[in-house]
Amino acid sequence: MPDPKPTTTEAPPLPDGLLDRLRETLGPRGVVTDAEALAPYLSEWRNRYQGRSAAVLRPASTAETADAVRLCAESGVAITPQGGNTGLVGGAVAEGGVIVSTERLNRIRSVDADTFSMTVEAGCILADVQAAAAEAGRLFPLSLGAEGTCRIGGNLSTNAGGIHVLRYGNARDLVLGLEVVLPDGRVWDGLRALRKDNTGYALKHLFLGAEGTLGIITAAVLRLFPRPAARETALCALPDAAAAIRLFGRCMDAAGDVLNAFECSNRTGVHLAETLVEGVTVPLSTPSPFYALIEFAATGADDGGLRARFEAVLADAMEAGLVTDAVLAETEAQTAGLWRIREGITEAQIPAGLCAKHDVSVPISQIPTFLERAEAEVRAVDPDIRLVAYGHFGDGNIHFNAVRPETVTDEAFRPRIPPIQRAVHDVTMALNGSFSAEHGVGLMKRGDVARYRSAVEVDLMRAVKRAVDPKNLMNPGKVLPPE
Ligand SMILES: Cc1cc2nc3c(=O)[nH]c(=O)nc-3n(C[C@H](O)[C@H](O)[C@H](O)COP(=O)(O)OP(=O)(O)OC[C@H]3O[C@@H](n4cnc5c(N)ncnc54)[C@H](O)[C@@H]3O)c2cc1C
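Keep in mind that what you see is a predicted model, and the values were worked out from it rather than measured.

1. Overview of the pairing of strand β13 (residues 259-266)
- The buried fraction of β13 amounts to eight of the eight residues, a majority that puts the element mostly inside the structure.
- Relative to strand β14 (residues 290-298), β13 is paired through seven bridges, and the arrangement is antiparallel. Among the inter-strand pairings, Asn266 is bridged to a residue of β14, identified as Phe290.
- One ladder, built from two bridges, connects β13 with strand β18 (residues 386-391); its direction is antiparallel. Residue Cys264 lies in a different strand from β18, and its bridge partner there is Gly391.

Here it is in structure tokens:
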């Protein structure tokens, strides 16, 4: 649930002399204290939280990051790591102390095409990582709406998902090695390009998805993949969500080796995109209750039969009544047009008005039950709510957004959000799901950690935090509920 914005934006002062020592260590470009220059680091994508921090530190190397963290630790000053600041749960929002931005840690250290790996610094923008891999003839498959702004360290720290998890896994699955500055300023050098390494606890997995609460990721060795030589993309009209799940099963069965994306949306999501977002056109003759955007992609050897395989799956699905209409893109422009619909669903949420957002996952087979039960709960609060249910259905991940009715103002709708979120999360958890499939916990969902993770799980998480960060200086107040 959203925490209220702090009533003051004034940052608590730093201990005497610390800023001078940090300037000596990081140089004049490495420390930002001017109010105007600080502002972008203190605001947040959806403007839900106002950050407070006396300084942003911009180290340009791992050694500088370590020195800066050590100085802060010695003075008892808290640190909020920040990448592209595109996180959606307030994880990079500072509540005092300093922000450490990774934006100057932005070198691609090496790309090894032969062994399908690359070593990058944490502040590299995700799109630049993808481009460097492509230049070497390889694929780095992590792909999400914010890829032109988010940074790889942020992606790894949030275990980001996106549109290709189905085939390549989450960010966590794309990492071979990590380099991390610990909360006391020591450096853990785990930058190994090993595919096999069973030598005790898998330390990298502590930091992946930790949302900056255990240390600052400064570099990573990433896994690369062959670049698909061909792709085929289709938009399908479906009678309902149950048909989507059966269609997904058929796609996996017939073409699991080339299934690159399986995204879905209900009619309201597509309708809002069509009416509120420029450049969105649905190339199907009649509106449908449900849609699936499906992509097959193949590397060199088997690209010849890709379209025929896709057409066969669609023909079978039509005969079975799972698909009522479909368009298979003929050109790159048409492919881009189909993906524009998917992006438009996300973009439309802003002009549509205030909404209660949920980023949940359930076992794939439970998606239709989830949608039915969650809709009933939401309609009990307000029958006129516009329900947008869309997302990465092939991963069981649903972005379930209850948008205010057109006749209700944002202000009037705001008090209805907490009961809706509570009810939707209750439904999710009753189905053995997750209240945060992709975006993490940050500040926003700490209460849900307390409510829905078991006492044993919370104890274990606290024990790890205490062991790695005994002074609670690394992104304090995030992820774990207050004790
Ligand atoms: C339009 C849009 C679409 C999106 N689509 C998706 C999507 O499909 N899938 C998805 O998973 N997310 C999505 N997101 C959310 C967001 O882009 C991801 O969470 C992203 O991984 C955050 O990266 P960042 O660099 O912006 O991190 P930030 O927002 O800067 O930070 C996020 C968290 O990571 C920590 N952190 C950042 N860098 C480091 C570091 N180097 N070391 C340690 N901790 C660090 C921060 O303290 C914070 O807790 C979307 C966001 C937007 C705005």
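Next comes the rest of the description.
2. Digging into the site of the ligand
- Residues in contact with the ligand amount to 35 residues; listed here are only the nearest, Pro81, Gly83, Gly84, Thr86 and Gly87.
- Pro81 has a polar backbone atom sitting 2.6 Å from an oxygen atom of the ligand.
- The fraction of the free accessible surface of the ligand (990 Å²) that becomes covered by protein chains is 94%.
- Elements with a minimum of two residues in the shell around the ligand: β3 (79-82), α5 (152-157) and β10 (216-223).
- Looking at the shell around the ligand element by element, the count peaks at four residues for α5.
- Residue composition of the shell around the ligand, by class: eleven nonpolar, 21 polar and three charged.

3. Thoughts on the environment of Arg70
- Its place among the elements puts Arg70 in helix α3 (residues 62-75).
- Among the residues examined, Arg70 registers a relative accessible area of 33% and is labelled partly exposed.
- Arg70 sits 54 residues away from Asp16 along the chain, and the two C-alpha atoms are 16 Å apart.
- Setting aside residues up to four positions removed in sequence, Arg70 forms contacts with Asp184 and Gly185.

Calculation rules
- Residues numbered from 1 in each chain as written.
- Predicted model: local features only at pLDDT ≥ 70, side-chain atom pairs only at ≥ 80, totals over all residues.
- Heavy atoms only, no water.
- Buried < 20%, exposed > 50% of the residue type's maximum accessible area, 1.4 Å probe, protein only.
- Helix = DSSP H or I, 4+ residues; strand = E, 2+ residues; numbered from the N terminus.
- Pairing = 2+ DSSP bridges.
- Near = heavy atom within 4 Å.
- Polar contact = N/O pair within 3.5 Å; in protein donor to acceptor, adjacent residues only side chain to side chain.
- Areas by Shrake-Rupley, 256 points an atom, 1.4 Å probe, with all protein chains shown as cover.
- Nonpolar A, V, L, I, M, F, W, Y, C, P; charged D, E, K, R; others polar.
- Contact = heavy atoms within 4.5 Å.

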